[in-house]
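Here's the letter readout for the chains.
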Amino acid sequence: MTIRTVSAIAHAKAILLGEHAAVYGHPALAVPVTAMTLTATVETFGPDGGPSMLNTDRYHGPLDQAPKEYGGLAFLASLMARDAVKLSYRGSIPQGRGLGSSAASAWATAQALNQAEDLDWPLERLVEASDRAEDIVHGKASGVDLAAVRSNRLVVYRRTKGFSTMGNRLGAWLVIADTGQGGSTKTAVASVRRQIETSEPKKTAIDCL
């Protein structure tokens, strides 16, 4: 029997500059894409409600048997859920396109779990938990995705200083084209790391940003 149902929403993002440089402490500029959203719904069933479940477009089943790509969500449930829960997702943010689907999922899930379980966590703790969930998915996330999916303004992000916002409009049309082919941020970040570790010119180039 469902005891409580809570939903939370997060939006997409697009990084305009510094996507990989941000990992190394350099600034990045990101824009929220509020036209694309994701809704996370948490249903609680009590401590004796059976195994926690996950319901997405790609997977439906026990949370502890979900594919690795859902490891961040499993982490949030293990950290925040006192009861057996069902996590469900719907929205318009495509996965594997660099639009912040995992960050939006983490942020919406953390907010929904916080309300569903009456945890009353402060903003800083919710951000920290979501950031750790992102690390599980991406290896070592820069933090810019999470900053952008919870902002309604342009975000200037620097890992050592956090983020600040500027303006409330881009002042231009932003056209986002989807090739239909997914990618992996974790793989891309690892590729860049290998290049700067083996190429002094490339290391110099990223350090100049």
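Residues numbered from 1 in each chain as written. Predicted model: local features only at pLDDT ≥ 70, side-chain atom pairs only at ≥ 80, totals over all residues. Heavy atoms only, no water.

Draft legend 1. Representation of the overall build of the protein chain within the structure. Within the protein chain, the regular secondary structure consists of 6 helices and 7 strands. Seen in sequence order, the protein chain has helices and strands lined up from the N terminus as β-β-β-β-α-β-α-α-α-β-β-α-α. Since a compact globule built from 209 residues should have a radius of gyration of about 17 Å, the 18 Å found for the protein chain is in line with a globular shape. When the accessible surface of the protein chain is split by element, carbon and sulfur atoms take 51% of a total near 11300 Å². Positive and negative side-chain charges of the protein chain, numbering 22 and 20 respectively, have mean locations separated by a distance of 6 Å. (Helix = DSSP H or I, 4+ residues; strand = E, 2+ residues; numbered from the N terminus. Rg over C-alpha atoms; globule rule 2.2 N^0.38 Å. Areas by Shrake-Rupley, 256 points an atom, 1.4 Å probe, with all protein chains shown as cover. Lys, Arg positive; Asp, Glu negative; His and termini not counted. Charge placed at Lys NZ, Arg CZ, Asp CG, Glu CD.)

Draft legend 2. The arrangement of the environment of Tyr 24 in detail. With respect to the secondary-structure elements, Tyr 24 resides in the loop between strand S1 (4-17) and strand S2 (28-44). Overall, the relative accessible area of 23% leaves Tyr 24 in the partly exposed class. Expressed as a C-alpha distance, the spacing of Tyr 24 and Ser 101, which sit 77 residues apart in the sequence, is 22 Å. Among all residues touching Tyr 24, those that are not within four sequence positions of it are Val 189, Val 192, Arg 193, Ile 196 and Ile 206. (Buried < 20%, exposed > 50% of the residue type's maximum accessible area, 1.4 Å probe, protein only. Contact = heavy atoms within 4.5 Å.)

Draft legend 3. A look at a nonpolar patch on the surface. Side chains of Leu 16, Leu 17, Leu 174 and Ile 176 sit close together on the surface and give an oily, nonpolar patch of about 330 Å² of accessible area. With respect to the element layout, Leu 16 can be found in strand S1. (Patch = residues over 30% accessible without salt bridge, like charges linked within 9 Å, V, L, I, M, F, W, Y side chains within 5 Å. Salt bridge = Lys/Arg side-chain N within 4 Å of Asp/Glu carboxyl O.)

Draft legend 4. Geometry of the pattern of salt bridges. Inspection of every chain in the model, using the stated rule, returns 4 salt bridges. One salt bridge connects Arg 4 with Asp 118, and the closest N-O pair in it is separated by 2.8 Å. Within this pair, whereas Arg 4 is found in strand S1, its partner Asp 118 is found in the loop between helix H2 (101-116) and helix H3 (123-138), the two being separated by 114 residues in sequence. Overall, the relative accessible area of 33% leaves Arg 4 in the partly exposed class. By relative accessible area, which is 53% here, Asp 118 ends up exposed.

Draft legend 5. Local environment of the packing of aromatic side chains. Applying the stated rule across the entire model yields 1 aromatic pair. For the pair Tyr 59 and Tyr 70, a centre-to-centre distance of 6.3 Å together with 35° between the ring planes defines the contact as tilted. Here Tyr 59, found in the loop between strand S3 (53-55) and strand S4 (60-62), pairs with Tyr 70, found in the loop between S4 and helix H1 (71-80); they are 11 residues apart in sequence, far enough to count as distant. Across the pair, Tyr 70 and Tyr 59 agree in class, each one buried. (Phe/Tyr/Trp six-rings, centres within 6.5 Å; stacked < 30°, edge-to-face > 60°.)

Draft legend 6. Broad picture of the pairing of strand S7 (residues 162-166). Pairing analysis gives 5 bridges linking strand S6 (residues 154-158) to S7, with the strands arranged antiparallel. If you follow Val 156 over to S7, its bridge partner there is Ser 164. Counting the residues between successive antiparallel strands, the hairpin from S6 to S7 contains 3 residues. (Pairing = 2+ DSSP bridges.)

Draft legend 7. Structural context of the packing of H1 against H3. Contact geometry of H1 with H3 gives a least axis separation of 7 Å together with a crossing angle of 145°. Like other packed secondary-structure pairs, H1 and H3 cross with a definite hand, here right-handed. Between H1, through Gly 71, Gly 72, Phe 75, Leu 76, Leu 79 and Met 80, and H3, the contact on the second element is made entirely by Leu 126, Ala 129, Ser 130, Arg 132, Ala 133, Ile 136 and Val 137. Its residues placed into classes, the contact of H1 with H3 shows 9 nonpolar, 3 polar and 1 charged. (Axes fitted to C-alpha atoms, helices over the stretch in contact; angles between N-to-C directions. Left-handed = near helix turned anticlockwise from the far one by under 90°. Nonpolar A, V, L, I, M, F, W, Y, C, P; charged D, E, K, R; others polar.)

Draft legend 8. Here's a closer look at the environment of Ala 177. In this fold, Ala 177 is placed in the loop between S7 and helix H5 (185-198). Look at Ala 177 and you get exposed, because its relative accessible area is 71%. Taking the C-alpha atoms as reference points, Ala 177 and Thr 39, separated by 138 residues in sequence, lie 23 Å from one another.

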